[in-house]
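In case you want the letters, here they are:
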Amino acid sequence: MLTADAPSSARVAPHRAAQAPTYQQVIARDAVPPLPIFTEVAPSEVAVDAVDRTRYLDPAFAQAEREAMWSRVWYLAARVEQVPEAGDFITYEGPLGSLIVVRDDAGTIRAFRNSCPHRGMKLCVGDGAVARITCPFHSFSWHLDGSLAHIPSRWDFAEAESRDLSLPAVRAEEWQGFVFVNHDPAAPPLDQYLGRMLTDFAAWDHGKRYAAKILRKTMHANWKACIETFIEAFHLVGIHPQALPFGGDTSAQYDVWPDQPHMSRMLQPLGIKSDQYPRDISEQDILAAAMQTIMGPEADVPVLSEDATARAFLAQMLRSNPATPAISDTELLDAMQYSIFPNVVLFRSTFYPYLYRFTPDAADPNRTTYDFYLFEPLPEGEEVPPPVEIIELADDTAYSQSGVFPPWLGQIYDQDTEGLARLQAGLRAGGHDQIVYARYQEVRLRQLHQVLDSYLARGPVVQAT
Ligand code: FES
Ligand SMILES: [Fe+2]
């Protein structure tokens with residue numbers, strides 16, 4: 001790993017050769033310097049340069065993912081604030097079927113397969129609050145810790161005395177208010193799985209934040225295509241060209257560490273012109289493009305002094321907002337974006353207080369449920385807000401019409417949604433068997449497939465009996 005005290009021009013993965021300044025060069029000029037975690041540069045070298053396109057299309061491959069990968073990994077099932085009181089539950093239609101996440105009488109959050117041990121009925125639908133979990137078919141019931149409470153016509157189940165009729169439990173562990181689950185009794189604990197995420201988020205605790213909005217939309221693409229679109233900034237040139245004058249895509253730093261299989265990050269600086277923008281423009285032009293895109297065409301763009309930069313002005317503008325904490329320019333402005341294998345993207349920045357989760361459709365590899373979480377700080381000394389309802393956006397409802405985003409961001413997500421449907425259609429059209437990934441800007445995609453392959457190589461999980 002290259003260290004923070006190396007010259008800033010050297011602090012870049014050796015195979016990155018874009019003309020745009022590196023992220024390290026950008027933040028070295030910031031007025032309020034970054035934390036040491038952001039001056040680190042990973043090797044970001046992964047050998048997987050191409051994959052068979054069938055892994056985005058083939059139901060058999062999706063089945064192999066379920067058997068060998070989803071059944072072993074920690075995946076995100078809920079936020080703690082969705083189940084604040086004993087008896088509160090939500091259901092999650094997850095990659096291995098429906099789960100119940102419930103807070104028991106002792107305050108512990110538990111997860112169960114949403115399937116009755118009697119004849120398999122789905123036990124819970126949606127969310128709610130219960131004193132016991134009761135099956136709607138023949139009214140077996142369970143305490144909130146999953147232990148059996150009642151069997152109607154108990155005399156008729158004498159043969160079943162020796163069977164375990166408690167609810168089928170799945171491991172559940174919490175980190176910063178996120179409830180992760182794991183179906184594998186032999187999996188390492190969640191903290192070990194998350195690795196460096198614990199360090200990088202130590203000073204950015206989502207336990208002190210809550211999900212103020214959750215949006216759900218079906219994406220017409222495979223779950224991997226979905227997350228891959230969000231973990232590289234390379235596609236600004238085709239999908240979001242309006243952001244090229246200021247989006248910093250070719251200055252983004254991509255970090256993949258060889259000893260961190262379950263996380264990666266992208267640090268994408270705002271207020272920096274892209275290599276892909278076809279002409280030279282002044283700092284004044286960069287500022288105008290950024291402000292008019294983000295705030296609207298009527299934005300009041302000031303005249304910059306001779307040696308001022310658009311980035312410095314934007315940082316100062318955000319810093320003068322009393323609601324923004326006293327943090328570095330990069331945490332104020334930039335997309336500090338982390339991924340948690342296999343299907344979560346989590347930001348660590350003021351400007352983008354978001355999490356994305358991509359859940360594969362169990363029946364169709366061409367469809368994914370995309371959950372978008374918007375976080376706000378928990379109000380100090382005030383009542384914790386009640387859990388939010390999930391807002392479901394229909395196929396014909398655009399993000400820009402949801403009322404949740406400023407127009408420019410709604411436009412970005414709409415562009416991604418349309419782009420993903422077209423990508424999946426293109427994958428289905430065939431052609432070369434393999435698709436290829438860029439060495440640096442798509443290194444996080446390479447890592448995703450490398451880690452997926454390592455799970456697949458271990459074969460299906462043999463279920464403990
Ligand atoms: S299927 Fe649940 S009680 Fe019969
Ligand atoms: Fe995008």
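Residues numbered from 1 in each chain as written. Chains lettered and ligands numbered in written order. Predicted model: local features only at pLDDT ≥ 70, side-chain atom pairs only at ≥ 80, totals over all residues. Heavy atoms only, no water.

Enquirer: I would appreciate a short explanation of the pairing of strand β4 (residues 97-103) in the present structure.
Expert: As a general feature of sheets, a regular strand has side chains that alternate between the two faces. With 6 of its 7 residues buried, β4 lies for the most part within the structure. In the sheet, strand β3 (residues 88-94) pairs with β4 via 6 bridges, with the strands oriented antiparallel. Its bridge partner lying in β4, Phe89 is registered against Val102. What sits between β3 and β4 in their antiparallel hairpin is a turn of 2 residues. Connecting β4 to the next strand, strand β5 (residues 109-113), in antiparallel fashion are 5 residues, including Gly107 with a positive phi near 95°. (Buried < 20%, exposed > 50% of the residue type's maximum accessible area, 1.4 Å probe, protein only. Helix = DSSP H or I, 4+ residues; strand = E, 2+ residues; numbered from the N terminus. Pairing = 2+ DSSP bridges.)

Enquirer: Any chance you could explain the layout of surface pockets here in plain terms?
Expert: To find the voids left in a structure, one rolls a probe of water-molecule size over its atoms. Estimates place the volume of the largest pocket at around 720 Å³. Lining of the largest pocket is provided by 32 residues; of these, Thr91, Tyr92, Arg216, Ile390 and Glu392 occupy positions nearest its centre. Elements with a contribution of two residues or more to the lining of the largest pocket: β2 (75-79), β3, β6 (127-129), β12 (209-219), β17 (354-360), β18 (368-377) and β19 (390-393). By residue number, the principal contributor to the lining of the largest pocket is β3, which donates 7 residues. Along the lines of polarity and charge, the residues of the lining of the largest pocket split into 12 nonpolar, 9 polar and 11 charged. (1 Å grid on protein atoms, 1.4 Å probe; cavity = no way out; pocket = protein on both sides within 12 Å on 5 of 7 lines; lining within 4 Å. Points joined across faces, edges and corners; volume = space filled by probe spheres on them. Nonpolar A, V, L, I, M, F, W, Y, C, P; charged D, E, K, R; others polar.)

Enquirer: Where do I start with the sheet that holds β5 in this structure?
Expert: For sheets, the rule is that strands pair by backbone hydrogen bonds, running either parallel or antiparallel. With antiparallel pairing, 7 strands are arranged side by side in an open sheet as β2-β11-β10-β5-β4-β3-β6. Each of the sheet's edge strands pairs with one partner strand only, and the pair in question is β2 and β6. Strand-to-strand, the axes of this sheet are offset by a mean angle of 30°, without reference to chain direction. When strand β10 (residues 169-175) meets strand β11 (residues 178-182), the two strands line up antiparallel, connected through 5 bridges. (Axes fitted to C-alpha atoms, helices over the stretch in contact; angles between N-to-C directions.)

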